[in-house]
Structure formats: structure tokens, C-alpha cells
Number of protein chains: 2
Amino acid sequence: MIWNSGWRLASAVSRAGGLGIIGSGSMYPEVLREHVRKCKAATALPFAVNIPMLYPDVDKHIATVIDEGVPIVFTSAGNPATWTGKLKDAGITVVHVTASVKFARKAEDAGVDAVVAEGFEAGGHNGREETTTMVLVPMVCDAVQVPVIAAGGIADGRAMLAAMALGAEAVQMGSRFVCSEESSGHPDFKQHVINSKEGDTILTLKELAPVRLMRNRFYEEVQQAYATCAGPEELRRVLGRARAKRGMFEGDLEQGELEIGQVGAALNDILPAGTIVTNVMEEFVEARRKLATLDIA
Amino acid sequence: MIWNSGWRLASAVSRAGGLGIIGSGSMYPEVLREHVRKCKAATALPFAVNIPMLYPDVDKHIATVIDEGVPIVFTSAGNPATWTGKLKDAGITVVHVTASVKFARKAEDAGVDAVVAEGFEAGGHNGREETTTMVLVPMVCDAVQVPVIAAGGIADGRAMLAAMALGAEAVQMGSRFVCSEESSGHPDFKQHVINSKEGDTILTLKELAPVRLMRNRFYEEVQQAYATCAGPEELRRVLGRARAKRGMFEGDLEQGELEIGQVGAALNDILPAGTIVTNVMEEFVEARRKLATLDIA
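Throughout this description, residue numbers start from 1 for each chain and increase along the sequence as written. Chain letters and ligand numbers both follow the written order, the letters beginning at A and the numbers at 1. The predicted nature of this model means local features are confined to residues of pLDDT at least 70 and side-chain atom pairs, given and counted, to a pLDDT of 80 or more, with totals for whole chains, interfaces and linings taken over all residues.

Before we move on, could you go through the environment of Ala16(A) and cite the residues and values that matter?
Residue and element names in this part refer to chain A. Helix numbering and strand numbering both begin at the N terminus, where a helix is a DSSP run of H or I of at least 4 residues and a strand a DSSP run of E of at least 2. Looking at the element boundaries, Ala16 is found in the loop between helix 1 (7–15) and strand 1 (21–23). Of the residues examined, Ala16 has 19 C-beta atoms within 10 Å and is grouped as partly exposed. Residues Ala16 and Thr82, spaced 66 residues apart in sequence, show a C-alpha to C-alpha distance of 33 Å. Once C-beta atoms have been placed from the backbone, residue pairs whose C-beta atoms lie within 7 Å are recorded as contacts. Not counting residues within four places of it along the chain, the set of residues in contact with Ala16 comprises Ala273, Gly274, Val277 and Thr278. Working definition of burial: number of other C-beta atoms within 10 Å of the residue's own, with buried at 20 or more, exposed at 12 or fewer, and partly exposed in between, all C-beta atoms being placed from the backbone.

Mind laying out the packing of helix 1 (residues 7–15) of chain B against helix 13 (residues 273–293) of chain B, listing which residues take part and the relevant values?
All names here are of chain B. To obtain each axis, a line is fitted to C-alpha atoms, and for helices this fit is confined to the stretch in contact; angles are then taken between N-to-C directions over 0 to 180 degrees. Helix 13 packs onto helix 1 with a crossing angle of 40° between their chain directions and a minimal axis gap of 8 Å. Between helix 1 and helix 13, the interaxial angle falls into the category oblique. Between helix 1 and helix 13 lies a crossing whose hand is right-handed. The segment helix 1 lies against helix 13, with Leu9, Ala12, Val13 and Arg15 engaging Ala273, Gly274 and Val277. For the contact of helix 1 with helix 13, a count of residues per class yields 5 nonpolar, 1 polar and 1 charged. Roughly parallel here means an angle under 35 degrees, roughly antiparallel means over 145, roughly perpendicular means 65 to 115, and every remaining angle is called oblique. For a crossing to be left-handed, the near helix must be turned anticlockwise from the far one by less than a right angle; the clockwise case is right-handed. Polarity classes work like this: nonpolar for Ala, Val, Leu, Ile, Met, Phe, Trp, Tyr, Cys and Pro, charged for Asp, Glu, Lys and Arg, and polar for all others, with Gly in that last group.

Lay out the interface of chain A and chain B with the relevant residues and their values.
Counting residues at the interface gives 38 residues for chain A and 38 residues for chain B. Among the secondary structure elements, those contributing two or more residues to the side of chain A that touches chain B are helix 6 (133–143), helix 7 (157–165) and helix 13 (273–293) of chain A. Class assignment of the residues belonging to the side of chain A that touches chain B gives a composition of 24 nonpolar, 9 polar and 5 charged.

Describe the relation of the copies chain A and chain B, and please don't skip the residues or the numbers.
With an RMSD of 0.0 Å, chain A superimposes on chain B once it is rotated by 180° and translated 0.0 Å along the axis. Both copies are brought into coincidence by an operation consistent with a two-fold rotation axis. In terms of proximity to the rotation axis, the leading residue of chain A is Ala162(A), whose C-alpha is 2.0 Å off the axis. Residue by residue, 100% of the interface of chain A is reproduced at the interface of chain B, so both copies engage with the same surface. When the copies are superposed, the least-squares fit takes in the C-alpha atoms of residues with a pLDDT of at least 70 in both.

Can you explain the environment of Trp3(B)? Please cite residues and give values.
Residues and elements named next belong to chain B. Its place among the elements puts Trp3 in the segment before helix 1. Remark: the alpha-carbon pair of Trp3 and Ile270, spanning 267 residues in sequence, is separated by 17 Å. Once residues lying within four places of it in the same chain are set aside, the contact partners of Trp3 are Ser26, Ser184, Gly185, Ala244, Lys245, Met248 and Phe249.

For the domain arrangement of chain A, give the residues involved together with the corresponding values.
All names here are of chain A. Those domain boundaries reflect an automatic or database domain assignment. Per the domain assignment, the segments making up chain A are domain 1 (7–184 + 265–293) and domain 2 (197–263). Here domain 1 and domain 2 have C-alpha centroids that lie 23 Å from each other. Contacts between the two partners involve 19 residues from domain 1, matched on the other side by 14 residues from domain 2. For the side of domain 1 that touches domain 2, the elements supplying multiple residues, two or more each, are strand 6 (124–125) and helix 8 (175–178).

Give a detailed account of the nonpolar core, specifying residues and quantitative values.
The nonpolar core criterion groups buried Ala, Val, Leu, Ile, Met, Phe, Trp, Tyr and Cys residues into a set whenever they are joined through C-beta atoms within 7 Å. With 172 residues, the main nonpolar core has Val140(A), Ala150(A), Ala163(A), Leu166(A), Val140(B), Ala150(B) and Ala163(B) as its most contacted residues. Each residue touching Ala150(A), except ones within four places of it in the same chain, is listed here: Ala117(A), Thr133(A), Val137(A), Ala163(A), Leu166(A), Ala168(A) and Val171(A).

Give me helix 13 of chain A: which residues, what numbers.
Its 21 residues give helix 13 of chain A an end-to-end C-alpha distance of 31 Å, which sits within 8% of 30 Å, the value for a rise of 1.5 Å per residue. Looking at the buried side of helix 13 of chain A, the elements it contacts are helix 1, helix 7 and helix 8 of chain A together with helix 7 (157–165) and helix 13 of chain B. A helix's residues, less one, multiplied by 1.5 Å, set its expected span.

How would you explain the pairing of strand 7 (residues 148–151) of chain A if you had to name every residue and give the values?
All names here are of chain A. What you see with strand 7 is no split at all: Val148 and Ala150 on one side and Ile149 and Ala151 on the other are buried throughout. Being paired, for any two strands, means DSSP has found at least two bridges between them. Pairing of strand 5 (residues 114–118) with strand 7, which is carried by 4 bridges, proceeds in the parallel orientation. Residue pairing for strand 7: Ala117 is matched across the bridge by Ala150. In the sheet, strand 7 pairs with strand 8 (residues 170–172) via 3 bridges, with the strands oriented parallel. Bridging from a neighbouring strand, Ile149 pairs with Ala170 of strand 8.

Okay, structure coming up:
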């Protein structure tokens, strides 16, 4: 959710009854502080900050969330043992995002309060095992005692219900909120997502860090590199710097890195974040009612 | 389910209240006829035959199911327009297996009675779009009027419930029945599946026909071919002939092609097929009861 989830989106989701999350991976330390302060000013309700632990200035982000009294932190892309203790000591609820049973167990051992089990269909950075939400969530639920939050492929109330059928206690939704009015993503990027169809995203750059993105000119260049049997160094050269900003924030649909989940293909509108939350809950109630009346067992 | 689903497995599933399916893709025409006759002798209940339409003698298989009065045929791996009319004229219920919305619509246009929407996590041959069950099933449900059967990642009652939450009216389970007593797969293959863990399968050979298989010595050779930038011809040479038989039927775990879904990592036992059906239904009922009592909306 880098370049998409700032204080506007996070506070709108929290005000609507969800838990808004500020994505700090694209923010300089002082920018994160500003977003946290604006989020606190916009809502008295709880919100969270996601911190990718591979972030170069991760210690500054950690200091910011502690200083500013952020109640909940989602850690991702790194070892949960590194920062969980410090965050917990500061009274922060810690949730770790994982794509495997192995790392879910590590996170539990590190003392996290909950884990996000995120499947292969999710947008952006992703696991090496390629395990999908349908397979991953029940395995993680069976492996850990802490609550499990399902992610990957969830953009409506039916999928939320499905995730809970698999044993999850909550869901984390990304792509659906990229296509919200409050997302700070470029309008052309949002429009491109709602125009997209199945097969338009692909998990690639597995030799560096697997990432799900939309096929475009930049991805064609990645493919050309693969076709000439490029190694990690050449791939890193093709990737270059600031591709994600260029694509998602600046709206360069051809040369930018456009991170979105497979479920982007199912999205058809850009809505206020609050409406998205309300819709999902209504769809959930309706889908559960239908499921209860199915005469099959 | 080639090399695994003959008359013993199909009749056991049908006797237990499921719809057993004979997988004809690994059978010579006279072998399929024998299996159909034995299945009819073993149960008066309905069963089905799956026919991959790329099968070289597909016309003979079609003739067999018509001659023998097989009530239901699942077609896969090919154009549903080619055989649906002929099968329907013979009074057969036709279900087409698809991995995309596009082909689900084509199948509906061809006059099929239902479609299977099979996700990326499924074992064996698979779609090019890599769409997972969680994303594919709701999209297919929204796109077609015929009933949708979910497949891919489904091996217990929780996943069956999840699939129905997504809008499916039934589920198709493969991997779980590979690990049944009645499966004709080699005992060493079944044992290898129940010993496996997350990440042990991979979707590969996309340049030929994408297939999900277990990582082993043969897969390492495929990887080596990729590392030297092999084209389709070289990949075809590495694949060679009869790999699937060698692996799944003859039990060569290193040089054979071992087709199984991601959910194989969650399987821990080899059970009678009837027990599997009973367990899944009990788990379904229990999971639905839990879901109904969740106080979240």
C-alpha cells in the first residue's frame, strides 16, 4: 500500500469502523510523523502503521510510532524478532504480515499479538512459496494460537466471509482501498486498475524480492531481461530506482511499477473508503445469510 | 487426477454421497471402457468421467462414454465448443473445467450445464492467468448463469464452506482423494504427499502447458534448463515422455512428474474415500455453525 495509504485513507477507514493503516514504506521519517499527526487529528479512533522492516531508516520509523503513541503496528518484510519486543515494551499491539506457516510461527514465537496470512494473489511484495490465501489461511490457523488476519484476494463481503470460513478472525484489504477516493495513488493508476482484467497482474522479479505488479512496458523489459537469461544484477539494473513512486504516485503507467492484487481485475469503481467499508459489511451479512440457508448438509 | 482416479476411487466417492470422477487422461480407450464398466458394476449411483480434450484419442473416449451411458462428463484442457453438442445430444450432463472467466463464458456459450472454476493452487495442468481460487470463483460466479463448482486448494470442510461463501454451488477435490486408499497412485507417491510441506509444489513449464508438480530431481533438471535459458524445444526434451506415469503410478519420486495441489502440504493421512467425504461434510457443518455464531456484523 506504499504511495496509496496515507493519513487521509487510514483515518477514513477508521472512522467507518475498520482499522485504517498508514503505509510507511514510501515515507521519509519526517513524512511519516506528519501523517501520524494528521491521522490523530482526523480521528480519535485507533489506526495502525505498517512498517516494512527492510526500510533503510526502520529505526526512525520505530521511534516515530513509539513517540507518537500509535496504538497498533503491522510489521512486514523482515524478521519479526528484531522489533517486536521494543514495540511491545512501548505498549504497542504488534501484528506481523507473513506469507508462510514457517514465518507465522516465528512471529508468534517473537511475541506478536496477531499475524496476517497473505496469499500469492496479493499485490506488491509477496512470499517465495507462492501459497494462495485459500491454502495458507487454514494452515496458519492450525499452526498458531494468535488471531489470524487473512489477506490476498479479498475485496468484498463474500471473500471476507470465505476468509472467516477458513478460520481467519479478520481480513486485511489492500487493492480495494487503492481504488478509493482517499487513496493518495495517482488518479490514472486507480483508473487503470478498474479498467484491468484477469491475467493483467503477474508475480515477478522472484530473484530479487517477489512482487505482484501489472503488466506494462516496464514489465516487458523485465521479460526481455529474462529472455536473455539475466541474473539478479541485470534485473536490479532494469528495475532501477523509484519505479513504484513513478507508477503509483506519479501515474506513469508504462514505465512505473504498478503494484496491485489479482482482485484488481474484479474492481469496477472508485469509491469513498467509508462506502467500501459499509458495502463489505453489507455484502458479508447477505452472503452469510445465503450460506445459512443452503440446504446441503 | 490421471493415474489416481480409476473405478475404485470413483465408485467409492459416489457410494459415499459425492460424485466420483474417473480420470481418463491416462487411459487407453479400452482401459477407460473397462473402468466405466467396473464402476457401473460397483455402484448404481451416478458417477462422471473427466476427458481432457487434448487427449490424442479423444474421439474414442467420447464414443465410450456415450456407448456406456455415462451420465456426466467433465471436459478439460481444450475448447468446450468441440464436443459439448455431441455429448448433450446423447443426453449427457456436461461440465467444463476452466481457469479463467473468459473460458467459463465460452463454456457457457457452448451449452455446458456447469463449469468448474479451478484456481492456481490446483495440482496438475493449470491456467496461464495464475488466478487463484479466492479471486477466480467470485469472478466466474458473476460472469455466468450456470452453476459454478470451485476447485483448487479445497481439501476440507472449511475450504468447501469458503468456496460456497464465494458463490460456488459445489466443490471439486483432487489432492485430498490422491491420498485415499482407493486412489490408484503409487503408495510411495501418496506417502510423499502427506510428508510434504508448504512450498513443495511449483507451477512450471509454462512455455509448454503450465503444470503444478512437486519439486524433485526432475524439477531440478527443468530449473537447470531454465538457468541456461532453454526454449520450448529443450524443455520438451527435458520433460520427455511418460513422466507422470513414472512418478505417480510407478512411484519414481525423483525422476517422475508428481502432480499435486498446494493443499497437499496440509494433508497428513491416507484415508478411505468414504471417510474423506464424511469428514468433509462434518467439517462443513461445524464450520458453518461457527460462522453463524460469529458476532461481527
